[in-house]
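An overview of the molecular structure
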Amino acid sequence: MNISRNSYLNQLAAGQGNGLIKIVTGIRRCGKSYLLFKLFHDYLISKGVKEDYIVKVALDDLMNEELREPHALLRHIRERIQDEGTYYVLLDEIQLVPNFHEVLNSLLHVRNADVYVTGSNSKFLSKDVVTEFRGRGDEIHLFPLSFSEFMQGYQGDKWNGWREYYTFGGLPLILSLETEQKKSEYLKNLYESVYLVDILERNKVRNKAEFDELTRIIASSIGSPCNPTKLSNTFKSVKNVTVSSASIARYLSYMEYAFLIEKSVRYNIKGKKYINTLSKYYFSDLGIRNALLGFRQQEESHIMENIIYNELRVRGYHVDVGMVEERTTDRNNKTIRKQYEVDFVANQGNRRYYIQSAFAMPDEAKIRQETASLTRIDDSFKKIIVVKDDIMPKRDDNGIVTIGIMDFLLRPDSLDY
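By convention here, each chain's residues receive numbers from 1 onward along its written sequence. In keeping with the model being predicted, local features are shown solely for residues with a pLDDT of at least 70 and side-chain atom pairs are shown and tallied solely at 80 or more, while totals for entire chains, interfaces and linings include all residues. Neither water nor hydrogens contribute to the side-chain values; these are computed over all heavy atoms in the structure.

Quick word on the overall build of the protein chain
Helices and strands together make up the secondary structure of the protein chain, namely 15 helices and 13 strands. For the radius of gyration, the atom set is restricted to C-alpha positions; the globular benchmark scales as 2.2 Å times the number of residues to the power 0.38. Taking 2.2 N^0.38 as the reference for a compact globule, 417 residues should give roughly 22 Å; the C-alpha atoms of the protein chain span a radius of gyration of 23 Å, in line with that estimate. Its C-alpha atoms give the protein chain principal-axis dimensions of about 85 × 50 × 45 Å. Taken over 417 residues, the protein chain has a buried fraction of 53%. Contacts are assigned to residue pairs with any non-hydrogen atoms lying within 4.5 Å of each other. A separation threshold of at least 6 residues defines the contact pool for the protein chain, and within that pool the share at least 24 residues apart is 66%. Entry remark: accessible area of the protein chain is about 19,700 Å², with carbon and sulfur atoms responsible for 46%. A run of H or I in DSSP becomes a helix once it reaches four residues, and a run of E becomes a strand once it reaches two; helices and strands are each numbered from the N terminus. Each residue's exposure class comes from its accessible area (1.4 Å probe, protein chains only) as a fraction of the maximum for that residue type: buried when under 20%, exposed when over 50%, partly exposed otherwise. Residue-level accessible areas treat just the shown protein chains as cover; the underlying method is Shrake-Rupley with a 1.4 Å probe.

Brief notes about the packing of aromatic side chains
Think of it this way: a Phe, Tyr or Trp ring, Trp meaning its six-membered ring, pairs with another when their centres are within 6.5 Å, and the plane angle makes it stacked under 30 degrees, edge-to-face over 60, tilted otherwise. Inspection of the entire model under this criterion finds 17 aromatic pairs. In textbook terms, an aromatic cluster arises when at least three aromatic residues are bridged by ring pairs, as seen for Phe147, Phe150, Tyr154, Trp162, Tyr165 and Tyr166. A cation sits over an aromatic face here: Lys56 above Phe37, 5.3 Å from the ring centre. When the ring centre of Tyr340 is taken as origin, the NZ or CZ atom of Arg376, which lies over that ring, is 4.2 Å away. By definition, being over a ring means that NZ of Lys or CZ of Arg is both within 6 Å of the ring centre and within 35 degrees of the ring normal.

Focus: the sheet that holds strand 10 (residues 351-357)
Spatial strand order, 7-6-8-9-10-11-13-12: 8 strands in an open sheet with mixed pairing. Where the open sheet ends on each side, the last strands, each with one partner, are strand 7 (273-283) and strand 12 (394-395). Here, strands pair whenever DSSP counts at least two bridges between them. In this sheet, strand 11 (residues 382-387) lies alongside strand 10 in parallel orientation, the contact comprising 5 bridges. Note that in strand 11 the partner of Tyr353 across the bridge is Lys382.

Overview of the environment of Ala219
For Ala219, the location among the structural elements is in helix 9 (residues 208-220). Of the residues examined, Ala219 reaches a relative accessible area of 0% and is grouped as buried. With 154 residues separating them along the chain, Ala219 and Ser373 place their C-alpha atoms 26 Å apart. When neighbours within four sequence positions are excluded, Ala219 is seen to be in contact with Phe283, Arg289, Leu292 and Leu293.

Observations regarding the pattern of salt bridges
Salt bridge, as used here: a side-chain nitrogen of Lys or Arg that lies within 4 Å of a carboxyl oxygen of Asp or Glu. Tallied over the entire structure, the rule returns 21 salt bridges. Measuring nitrogen to oxygen at the nearest pair gives 2.7 Å for the salt bridge that ties Glu262 to Arg313. Of this pair, Glu262 sits in strand 6 (residues 261-268) while Arg313 is found in helix 13 (residues 300-314), placing the two residues 51 residues apart along the sequence. Look at Glu262 and you get buried, because its relative accessible area is 14%. Where Glu299 meets Arg289, a salt bridge forms, and the shortest distance between an N and an O atom there is 3.3 Å. Residue Glu299 is found in the loop between helix 12 (286-292) and helix 13, and its partner Arg289 is found in helix 12; the two are separated by 10 residues along the sequence. Take Arg289: its relative accessible area is 0%, and that puts it in the buried class. Ionic contacts of the salt-bridge type, sharing partners, join the residues Glu192, Asp212 and Arg216 into one network.

Right, here's the structure in full:
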């Protein structure tokens, strides 16, 4: 199976020799080791770097157990550096080394060492990178396979691939498992024995059942506006259990820091400000989400929205939930405030796109519903509706572009139609 993952490889290549620790983060089993030890290693060799100038240490390998001691690891690396040439130091699962922050800081003093590391999210999170390596670390965040990456390794047509992808997600090993049963068992076991254990142990969560139930509630309501208070009320009304909003806020942050979910905050487009009252949560991998629910609740429309969100994140966009507020008056001259939602406001530098996920628009009423928020935005940024239908891209009189999901996911220039 040959999956290129070129966007991440390009980020690693761009960081060569910049004097920073290149830190690959991401959800467990998303392919960090493969990216560093296979793809980046092969890239270096193709650019003429000799094998002797690549120092690779897989710290999760029992054969390297002695190198988990900080001083032993530093000695090993320094002994491999024989001259003034550039040495590429690739360290996998660095969190297995006690005081690994000090090890990496020490390597910054080795002038001709260019250092690249991966770490499991249970011990090595975005907040750790920011706190410990501010100005000295360069984070490359690896997502599960996008749909286009998934199709590189999938043997079948794109619509069968779509069905597999929205059911079992984009963790690379899924592509090599032969049956639906093996795929579902893999995902269930991965959540229970890896992701959940990581989060509970790292954060010393004592009430496993409470935390586990919250993950299932979030999984069943992807794309629905919520906040800790609203979720606390859900526990009370549906489960007859009292869980404070403060506890829920902590649990949600644990899931975010483990890269299990991502939070998209509401943004007032006309007011140009964030509204923190309600947010939406999306799963980094739909297979894990579906496994949490026993592969029930396969609402393709909601799953498609999550996939679109993930695709935008893979392409490097910061993604908010848009809100357009309109004030009118009724026949009694009373002010009426209406709010219209834009599924995604995608920003990257000075580029912005407004994007709606519309599973189907079979009639004029549905078209009016899906375009209601977009037509009320008075700036010149591009407005796009993504539908599941396999249609030719089209643009209406308001400049709104409608494209099919396959064009959106499989064409890297799909936002520029």
